[in-house]
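Structural overview for review
Each chain, letter by letter, is given below.
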Amino acid sequence: MREKKWVLNIYQPDDEAAIVKRLEKLATKGWFLERADNWGWTLRRGEPAQVRYAVTYFPGASVFDPGPTEDQETYADYCRAAGWEFVSSYGPVQYFRSTRPDPAPIETDEGAKLEAIHRTKTKNTLLASGLVLVVLAIFWSGQLRVLRQTPLSVLSDNVRLAILAVFLILSLCAVIAPVDYLIWYFRSKRSVENGGTCLPSRTWLRSAANILLLSCPAALLGVVLAAAGSVRRIALFLVLLALQFLPYAALWTVFLLLRRRGRDRASVRKGYIIAAVIAWIGIMALDIAFLDSDILAAPGRQPDQIYVDSHGDSHNLYADDLPVTLEDLGIEVKTADRCSYRAWNSTSILVSYSTYDQSAEGEESDLPWLRYGDQLVHFRQWGWELTDERVEILREALSGQ
Amino acid sequence: MAREKYQTLTEQMFYILLCLTREQCGVDIMERVREMTDGQVVIGPGTLYSLLESFQQEGFIRETKVEGRRRSYRITRRGRERLDQERQRLERQLEDYGRYGEEA
C-alpha cells in the first residue's frame, strides 16, 4: 500500500472554504497534507482522523524565498500557540492543521484578513496578470496585422481559426481574472466596513472563466483534429500546442535551480522575471511565425503536369477550367505548353471562396500573371493593362459563379 | 458609511492595545486577552500578527525586546491617546443608552 500520493489542486488559493473542506475530507480517509506546490498537494497516509485545516495568506512570503523567513516563523509560532501546526506553504499561501475539535480561527478580524489577501494579490497575481496581458497584446497586434493584410487566408482555414479562438479564450480569461478579483475586493471591503464579512471568493464570473478554460480548449481541439485533414497538419498543430507549455517548463527549471543554489529572494525573483519575459516573447514569436507561414496550410494537390525548364528547374502545371483566362481577356498566349491554369477552393466554418490563377512558368515569360477570386486580387507585370473592359469581363464571369 | 482605518477600533484592536499598556510578548497576547475578557473576545493568531504589524506602522506600539523569535511590545503615547479616544467614545455611547435607552 503506498504511503504517499500527489493530487491536483483544482482550487484558486483564495477559495479557502473549498480547499479546507477537501483536505478535511481526505483526512477522514487517512490522507494528510504533507506538502503544497504550485499545482497540487503531496499527501501522506495515516490513521483516518477528524482534523481541522486552515488556509491563510501571509503577504510577507514569496515563492522566490529559498526557505521560511523569520517573520513567517514568528507567524507560525503565534498559530502554534493557538493550537494550529504549520503544515506547508507555497508562496504566500499557508496551510495549517489542528487536532483540537474547535480551535479558534486563525483570522478573527475580517478587515485584517481582507488586507492580507489584498496585499498578497496586488504583489503577486495582479502583477503576473499584467505581464500576461502585455504578452497577449503583442500576440494580437501581430495577428491583426495578418488579418488586415490577408484576411481570407486566415478566415478560410479552420485550423487557424481554432488557434485564434483558443487564444481569444485565453485572453478573455486573462482579463476576467484581475477584473473578477477587483470586483470581489471592493465588494468585500464595503461589506467589512459595514460590519460584515468578506464575500465568498467564488463568483459567477470566475466560475464562467473556469468553465471556459476547462471545456473550450478540449472542444476546439476536437474541431481542429476533425478539420485538419491530414496527419501532417494534426502533428504540426499538436507540436504547436505542446510548445505553449515550454515557457512553464523553462520557468520552473530556472526557478528550481535558483532556489537550490540558495539565492536570496531578490535574485530568484529577478532571474525568474527575466526568464519569463524571454520565454514568453519567444513563444509568442514562434506562434506568430507559425500562423504567418504556410506550415499549417493544407498540402497542395498533385500537379497535372511537370515542366522542366532549360536550367533543369521543375515547375508544377495545372489544367483546371477557369471562368476567365488571359485568352478571354484578349491576350495571346504563345507558350501554352508551360502555362498553368489552377483553381482551388478554401472553406472554413466562416468563409468559402474560390481562387483562380493563370501564369506562365519558367524563365523568360512575357505573360502577365492573372489571379482572381471572389474579389479581384492580382493582375500585373510587363506592361499589360487591366482595362475597364477586361475588369468587366472578369466581373461578369465571377458573378456567374 | 465607509470608515477610515482606526477611526473606530474593533473589539480585538481595543483589547490588544489595552493588553499592551504593560509590556507583553506577542505570542502571549491571545491568552492574556482571553483572560481579561473571560473568553468573550478571541483573537486569532493571524489577526494578532497583522494587527501588531499595522499598529507598529501607525506608531501605536513599539517593540521593546527581542529574544530569538519572541518579541515583546508596549503601547506608545500615540497608542494611549488612541485608546483613550476609544474609551471616551464608548462612554458616550453608554451615556446615550442610559439617557434614551431606558425610556422605551
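Structural data are supplied above this passage.
Attention in this report is confined to the structure presented alongside it. Treat the numbers as computed from the prediction; the structure is a model and nothing was measured. (Residues numbered from 1 in each chain as written. Chains lettered and ligands numbered in written order. Predicted model: local features only at pLDDT ≥ 70, side-chain atom pairs only at ≥ 80, totals over all residues. Heavy atoms only, no water.)

**Some thoughts on the overall build of chain A**
Formally: Secondary structure follows DSSP: runs of H or I at least 4 residues long count as helices, runs of E at least 2 residues long count as strands, and numbering of each begins at the N terminus. Burial here depends on accessible area, computed with a 1.4 Å probe over protein chains only, as a share of the maximum for the residue type. Under 20% is buried, over 50% is exposed, and the range in between is partly exposed. Residue contacts are counted whenever heavy atoms from the two residues lie within 4.5 Å of one another. Here the accessible surface of atoms and residues is derived via Shrake-Rupley with a 1.4 Å probe, and residues count as covered only by protein chains that are part of the display.
From N to C terminus, chain A includes 11 helices and 12 strands. A burial count over chain A gives 43% of its 401 residues as buried. Once local pairs closer than 6 in sequence are excluded, the contacts in chain A between residues at least 24 apart make up 59%. For chain A, the accessible area works out to roughly 21,700 Å², and carbon and sulfur atoms hold 58% of it.

**A few points about the pairing of strand β10 (residues 352-360) of chain A**
Residue and element names in this part refer to chain A. The following threshold applies: Only strands joined by at least two bridges in the DSSP assignment are considered to pair.
Within β10, eight of the nine residues are buried, leaving the element largely enclosed by the surrounding structure. As defined by bridge partners, strand β9 (residues 339-347) adjoins β10 across nine bridges and the pair is classed as antiparallel. The partner of R342 across the bridge, within β10, is D357. Adjacent in sequence and paired antiparallel, β9 and β10 are bridged by four residues. Here β10 pairs with strand β11 (residues 369-373) via four bridges, running antiparallel. Within β11, the position partnered with D357 by the bridge is R371.

**Describing a positive patch on the surface**
So the rule is basically this: Patches draw on residues past 30% relative accessible area with no salt bridge. Two like charges within 9 Å are joined, as are two nonpolar side chains (Val, Leu, Ile, Met, Phe, Trp, Tyr) within 5 Å. Salt bridges are defined as contacts in which a side-chain nitrogen from Lys or Arg sits within 4 Å of a carboxyl oxygen from Asp or Glu. The charge count includes Lys and Arg as positive and Asp and Glu as negative, but it does not include His or the ends of the chains. For the purpose of locating charges, the reference atoms are NZ of Lys, CZ of Arg, CG of Asp and CD of Glu.
A cluster of basic side chains, namely R22, R62, R74 and R80 of chain B, defines a positive patch on the protein surface. Its location among the elements puts R74 of chain B in strand β3 (residues 70-75).

**Points about the nonpolar core**
Quick note on the threshold: To form a nonpolar core, buried Ala, Val, Leu, Ile, Met, Phe, Trp, Tyr and Cys residues must be joined to one another through side-chain atoms within 4.5 Å.
Within the largest apolar cluster, 34 residues are counted, with the highest numbers of intra-cluster contacts made by I16 and L52 of chain B. Mapped onto this core, the elements with two or more residues apiece are α2 (70-81) of chain A together with α1 (11-19), α2 (29-36), α3 (45-58) and β3 of chain B. The residues touching L52 of chain B, leaving out its near neighbours within four places in the chain, are Y78 of chain A together with I16, L20, G26, I29, I61 and Y73 of chain B. Residues L23, L26, W31 and W184 of chain A belong to the second largest nonpolar core, which totals 28 residues.

**Quick notes on the interface of chain A and chain B**
Here is the rule: Buried area: the accessible surface (1.4 Å probe) lost by two parts on joining, summed over both. Two N or O atoms count as a polar contact when they lie within 3.5 Å, although within protein this holds only if one can serve as hydrogen donor and the other as acceptor, and sequence-adjacent residues are included solely when both atoms are side-chain atoms. Throughout, the ten residues Ala, Val, Leu, Ile, Met, Phe, Trp, Tyr, Cys and Pro are labelled nonpolar, Asp, Glu, Lys and Arg are labelled charged, and all others, Gly among them, are labelled polar.
Across the contact, 21 residues belong to chain A and 26 residues belong to chain B. Across the interface of chain A and chain B, roughly 1,900 Å² is buried in total on both sides, 53% from carbon and sulfur atoms. Run the count over chain A and chain B and you get five salt bridges. Counting every contact that joins chain A to chain B gives 11 residue pairs in polar contact (both at pLDDT 80 or more). Residue assignment for the side of chain A that touches chain B shows that the elements contributing at least two residues are α2 and α3 (110-123) of chain A. Element by element, the count of residues in the side of chain A that touches chain B is highest for α2 of chain A, at nine residues. Broken down by class, the residue content of the side of chain A that touches chain B amounts to 10 nonpolar, three polar and eight charged.

**Side note on the sheet that holds strand β3 (residues 40-45) of chain A**
Residue and element names in this part refer to chain A. Heads up, the rule is: To get an axis, a line is fitted to the C-alpha atoms, and for a helix only the part in contact is used. The angle between two axes follows their N-to-C directions and goes from 0 to 180 degrees.
Taken in spatial order, the three strands line up as β1-β3-β2 in an open sheet, and their pairing is antiparallel. Every interior strand has two partners, whereas the edge strands, β1 (4-8) and β2 (31-36), have only one. Looking at each pair of strands side by side, their axes are set apart by 35° on average, direction ignored. Two strands pair when backbone bridges link them, and β1 and β3 are joined in this way by five bridges, in the antiparallel orientation. Looking at the pairing, L8 lines up with G40 of β3.

**Topic: the side chain of D37 of chain A**
Residues and elements named next belong to chain A. Within the element layout of this structure, D37 appears in the loop between β2 and β3. Of the side chains bearing the opposite charge, R35 lies closest to the buried D37, which forms no salt bridge; the N-O distance is 4.2 Å. Of the polar contacts made by the side chain of D37, one reaches the side chain of W6; its length is 3.0 Å. At a separation of 2.7 Å, a polar atom in the side chain of D37 contacts the main-chain amide nitrogen of G40. What D37 contacts, discounting residues up to four positions off in sequence, is W6 and Y90.

**Concerning the side chain of K121 of chain A**
Inspection of the secondary structure puts K121 of chain A in helix α3. Look past the residues within four positions of K121 of chain A in its chain and what remains in contact with it is D14, Y57, L126 and Y181 of chain A.

**Remarks on the packing of aromatic side chains**
Residues and elements named next belong to chain A. The following threshold applies: Aromatic rings from Phe, Tyr and Trp, taking only the six-membered ring of Trp, are treated as a pair when their centres fall within 6.5 Å; an angle between ring planes under 30 degrees marks them as stacked, one over 60 as edge-to-face, and anything in between as tilted.
If you walk through the whole model with that rule in mind, you get 14 aromatic pairs over all chains. Seen from their ring centres, W41 and Y95 are 6.5 Å apart, and the 80° between their planes marks the pair as edge-to-face. Within this pair, whereas W41 is found in strand β3, its partner Y95 is found in strand β6 (residues 93-98), the two being separated by 54 residues in sequence. Considered together, W41 and Y95 belong to a single accessibility category, that of buried residues.

**With respect to the pattern of salt bridges**
Residue and element names in this part refer to chain B. Within this structure, the stated rule accounts for 21 salt bridges over all chains. In this structure, R34 and E31 form a salt bridge, with 3.8 Å as the shortest nitrogen-oxygen distance. In this pair, R34 and E31 both sit in helix α2, three residues apart, roughly one turn of the helix. A salt bridge links E35 to R32, with the shortest nitrogen-to-oxygen separation between them at 3.7 Å. Taken together, the positions of E35 and R32, both in helix α2 and three residues apart, correspond to about one turn of that helix. By relative accessible area, R32 is classed as partly exposed at 32%.

**So, helix α6 (residues 158-193) of chain A**
Put simply, the test is: Multiplying 1.5 Å by the residue count of a helix minus one yields the expected span of that helix.
Compared with an ideal rise of 1.5 Å per residue, which puts 36 residues at 52 Å, α6 of chain A spans 52 Å between its outermost C-alpha atoms and is within 8% of the ideal. Following α6 of chain A by one or two positions, G195 of chain A adopts a phi angle in the positive range, close to 90°.

**Quick notes on the packing of α1 of chain B against α2 of chain B**
Residues and elements named next belong to chain B. For clarity, the cut-off: An angle below 35 degrees is treated as roughly parallel, one above 145 as roughly antiparallel, one from 65 to 115 as roughly perpendicular, and anything else as oblique.
Two numbers describe how α1 lies on α2: the axes approach to 10 Å, and their chain directions differ by 100°. Between α1 and α2, the angle is such that the two are roughly perpendicular. Two secondary-structure elements touch here, α1 through Y15, I16, L18 and C19 and α2 through I29, R32, V33 and M36. Across the contact of α1 with α2, the residue classes tally to seven nonpolar, no polar and one charged.

These results come straight from atomic positions and should not be treated as a statement about function.
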